[in-house]
Amino acid sequence: MTSTSHKRKRSDTIDDLEVDLDDDDGIVLIISEDEVREYLHILDDTIELSNGDKYDGELCDGIPHGHGTMTFSNGTKYVGEWVANQRVGHGTFTDSDGRIYTGEWKDDKPHGIGSFTYDHGAVYDGEWVANQRVGHGTFTYPDGRIYDGEWEDDKRHGRGSSTYAHGAVYDGEWVANQRVGHGTMTFSNGTKYVGEWV
């Protein structure tokens with residue numbers, strides 16, 4: 001009896017998709033991307049909604065699913081991945097004021113690792129949960145101040161370090177954006193305060 005082995009190529013796209021029927025004859029069926037899209041009911045198209053929003057990209061059963069661009073009537077834009085008409089996966093959102101979020105999405109909200117650039121030039125890089133800064137992140141202010149540490153409920157909360165524009169550095173505990181608990185302030189002239197903050 002002759003044994004036949006098959007190696008399947010992994011691809012990041014559905015181009016060159018190989019479907020192994022895995023029958024006794026070891027047949028490998030090569031199907032095209034168009035055939036896969038037809039089977040999954042995925043189409044590339046442009047749709048305009050009654051509210052003025054415009055979507056250009058992949059659709060499944062008539063709704064955004066896959067990669068696409070939604071241009072909203074208020075001037076904001078999202079470019080990225082969609083699942084069943086929700087932003088899920090990686091994408092970039094730009095609003096009409098020039099603020100930009102690039103990163104992971106879940107349930108139509110920033111969720112995971114992402115970067116947000118504010119219209120005044122500040123940048124937050126870090127973790128998000130349901131559109132709030134939660135977990136570890138770094139916030140860089142336009143004047144050069146930097147906070148690197150923990151966040152909760154969209155505020156500096158937990159352990160963190162803040163470097164101020166004049167050179168001082170605070171390293172310690174934070175509660176709701178305030179230095180509360182044990183911490184060390186090192187001033188630009190080298191002197192230090194180590195102790196409790198209230």
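No experiment lies behind these values; they were computed from the predicted model shown.

**Q** Even after reading the chapter, I still don't get the side chain of Asp53, so can you show me in this structure?
**A** Turning to its location among the elements, Asp53 is positioned in the loop between β3 (42-48) and β4 (54-60). One buried charged residue, Asp53, remains without a salt bridge, the closest side chain of opposite sign being Arg87 at 9.6 Å. Of note is the side chain of Asp53, whose polar atom sits 2.8 Å from the backbone nitrogen of Ser73. Leave out the neighbours within four places in its chain, and Asp53 touches Ile47, Glu48, Met70, Thr71, Phe72 and Ser73.

**Q** Whenever I open this one, the pattern of salt bridges confuses me. Can you help?
**A** A pair can form between side chains of opposite charge whenever their charged atoms are brought close. By the definition in use, this model includes six salt bridges. Between Asp97 and Arg99 there is a salt bridge whose closest N-O contact spans 3.6 Å. Classification of Arg99 as partly exposed rests on a relative accessible area of 29%. Salt-bridge contacts for Arg145 lead to Asp143; the nearest nitrogen and oxygen are separated by 2.9 Å. Residue class for Arg145 comes out partly exposed when judged on its relative accessible area of 29%. A residue is classified by how much of its surface remains accessible, and Asp143, at 45% relative accessible area, is partly exposed.

**Q** Explain the packing of aromatic side chains here, please?
**A** For any two aromatic rings, the description comes down to two numbers: the centre-to-centre distance and the angle of the planes. Across all of its chains, the model carries 19 aromatic pairs by this definition. For the pair Tyr101 and Trp105, a centre-to-centre distance of 5.3 Å together with 85 degrees between the ring planes defines the contact as edge-to-face. The same class applies to Tyr101 and to Trp105, which are both buried. Summarising the aromatic geometry, the rings of Tyr193 and Trp197 are spaced 5.4 Å apart at their centres and angled 85 degrees between planes, so their arrangement reads as edge-to-face. Residue Tyr193 is classed as partly exposed on the basis of its relative accessible area, which comes to 36%. Judged by its relative accessible area of 18%, Trp197 is buried.

**Q** Is there a simple way to explain the side chain of Ser115 in this structure?
**A** Looking at where Ser115 falls in the secondary structure, it is placed in strand β9 (residues 109-117). A distance of 2.7 Å separates a polar atom in the side chain of Ser115 from a polar atom in the side chain of Asp125. Excluding residues that lie within four positions of it along the chain, Ser115 makes contacts with Ile100, Tyr101, Thr102, Val123, Tyr124, Asp125 and Trp128.

Rules used in this analysis
- Residue positions within a chain follow its written sequence, with the count starting from 1.
- With the structure being a predicted model, the display of local features is reserved for residues of pLDDT at least 70 and the display and counting of side-chain atom pairs for 80 or more, all residues being used for whole-chain, interface and lining totals.
- The basis for the side-chain values is all heavy atoms of the structure; hydrogens and waters are excluded.
- Under the scheme used here, helices are H or I runs from DSSP no shorter than 4 residues and strands are E runs no shorter than 2 residues, and both carry numbers assigned from the N terminus.
- For every residue, the accessible area (1.4 Å probe, protein chains only) is compared with the maximum for its type, and the residue is labelled buried under 20%, exposed over 50%, or partly exposed between those bounds.
- Only four residue types enter the charge count, namely Lys and Arg as positive and Asp and Glu as negative; His and the chain termini do not.
- Should a side-chain nitrogen of Lys or Arg be within 4 Å of a carboxyl oxygen of Asp or Glu, the pair is scored as a salt bridge.
- For the purposes of these results, a polar contact is taken to be a pair of N or O atoms within 3.5 Å, where, inside protein, one atom must be able to donate a hydrogen and its partner to accept one; residues adjacent in sequence count only when each atom of the pair is a side-chain atom.
- Should any heavy atoms of two residues lie within 4.5 Å, those residues are counted as being in contact.
- Ring pairs are drawn from Phe, Tyr and Trp, using the six-membered ring of Trp, whenever the two centres fall within 6.5 Å, and their geometry is named by plane angle: stacked under 30 degrees, edge-to-face over 60, tilted for the rest.

Interpretation note: all reported values are geometric properties and have no functional meaning in isolation.
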